[in-house]
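Structural features, examined
Now for the letters of each chain:
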Amino acid sequence: MKKFLLFIITVFIVVITCACDKEEPVILFNKYRFTQDTIVSQSNTNVFAPGERIYYLITLPKPVETKMLLIQVVKLGGGSEERLGYDLVWGKRVKLKDEQKHYYTDYIVLNDKGAYAMKIYSKDNPTKLLTSAHFYVKN
């Protein structure tokens, strides 16, 4: 029994402490334009007021070959209709500039309250989701 317990603990420690080199794309949200000061500030949030600018930053550890991103904002869940599912609220096709190989930043404004998800696809493989993140518009 002691050997079995020691084996389980060893496997658990190895799994937790192994280094992962795989970097994934990430979406950050902020109430203010992204600069060196605001990228790690307390203003990073995923809760916004209706009509407020929602700044977003998409990080791309690996450059996209076609330099084209497809960005979608989807409203999640019921709302006044009380049905499950989602509605496509906003979409944009973006061509990355040469200096934007590893990031893209912009802003959107949403006036309807609710839970939203931002989804990012690459034009290289438009059926594979690169990354997604949730944010909320509340009072």
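Quick caveat: nothing in here was measured; it's all calculated off a predicted structure.

1. Describing the sheet that holds strand β4 (residues 68-76)
Spatial ordering of the open sheet is given by β2-β8-β7-β4-β5, a layout of 5 strands whose pairing is mixed. In the strand order of this sheet, the two ends are held by β2 (47-48) and β5 (86-95), each with one partner. Bridge analysis of β2 against strand β8 (residues 129-137) gives 2 bridges, and the strand direction is parallel. Opposite F48, over in β8, you have V137 as the bridge partner.

2. Describing the pairing of strand β6 (residues 103-109)
Across the two faces of β6 the burial differs, with Y104, D106 and I108 buried and Y103, T105, Y107 and V109 not buried at all. The pairing of strand β3 (residues 53-59) with β6 spans 7 bridges and is antiparallel. When the sheet's bridge partners are listed, T59 is paired in β6 with Y103.

3. What to know about the side chain of D106
Along the chain, the position of D106 falls in strand β6. Among the polar contacts made by the side chain of D106, one reaches the side chain of K92 at a distance of 2.7 Å. A polar contact is formed between the side chain of D106 and the side chain of Y104, at a distance of 3.3 Å. With residues up to four places along the chain from it excluded, the contact list for D106 reads I54, Y55, Y56 and K92.

4. Quick word on unusual backbone geometry
Backbone geometry places K67, a non-glycine residue, at a positive phi of 60 degrees. Within the secondary structure, K67 sits in the loop between β3 and β4. Overall, the relative accessible area of 26% leaves K67 in the partly exposed class.

5. Details of a nonpolar patch on the surface
Side chains of M1, F4, F7, I8 and V11 sit close together on the surface and give an oily, nonpolar patch of about 580 Å² of accessible area. Within the secondary structure, F4 is located in helix α1 (residues 2-17). Owing to a relative accessible area of 55%, F4 belongs among the exposed residues under this scheme.

6. Details of the nonpolar core
General note: in soluble globular proteins, nonpolar side chains tend to be found buried as a group. With 22 residues, the main nonpolar core has F29, Y56, M118 and F135 as its most contacted residues. Elements with a contribution of two residues or more to this core: β1 (26-30), β3, β4, β6, β7 (114-122) and β8. Setting aside chain neighbours within four positions, we find F29 in contact with F34, N44, T45, N46, F48, I54, Y55, Y56, M118, A133, H134 and F135.

Each value, and the rule that gives it
- Residues numbered from 1 in each chain as written.
- Predicted model: local features only at pLDDT ≥ 70, side-chain atom pairs only at ≥ 80, totals over all residues.
- Heavy atoms only, no water.
- Pairing = 2+ DSSP bridges.
- Helix = DSSP H or I, 4+ residues; strand = E, 2+ residues; numbered from the N terminus.
- Buried < 20%, exposed > 50% of the residue type's maximum accessible area, 1.4 Å probe, protein only.
- Polar contact = N/O pair within 3.5 Å; in protein donor to acceptor, adjacent residues only side chain to side chain.
- Contact = heavy atoms within 4.5 Å.
- Patch = residues over 30% accessible without salt bridge, like charges linked within 9 Å, V, L, I, M, F, W, Y side chains within 5 Å.
- Areas by Shrake-Rupley, 256 points an atom, 1.4 Å probe, with all protein chains shown as cover.
- Salt bridge = Lys/Arg side-chain N within 4 Å of Asp/Glu carboxyl O.
- Core = buried A, V, L, I, M, F, W, Y, C linked by side-chain atoms within 4.5 Å.

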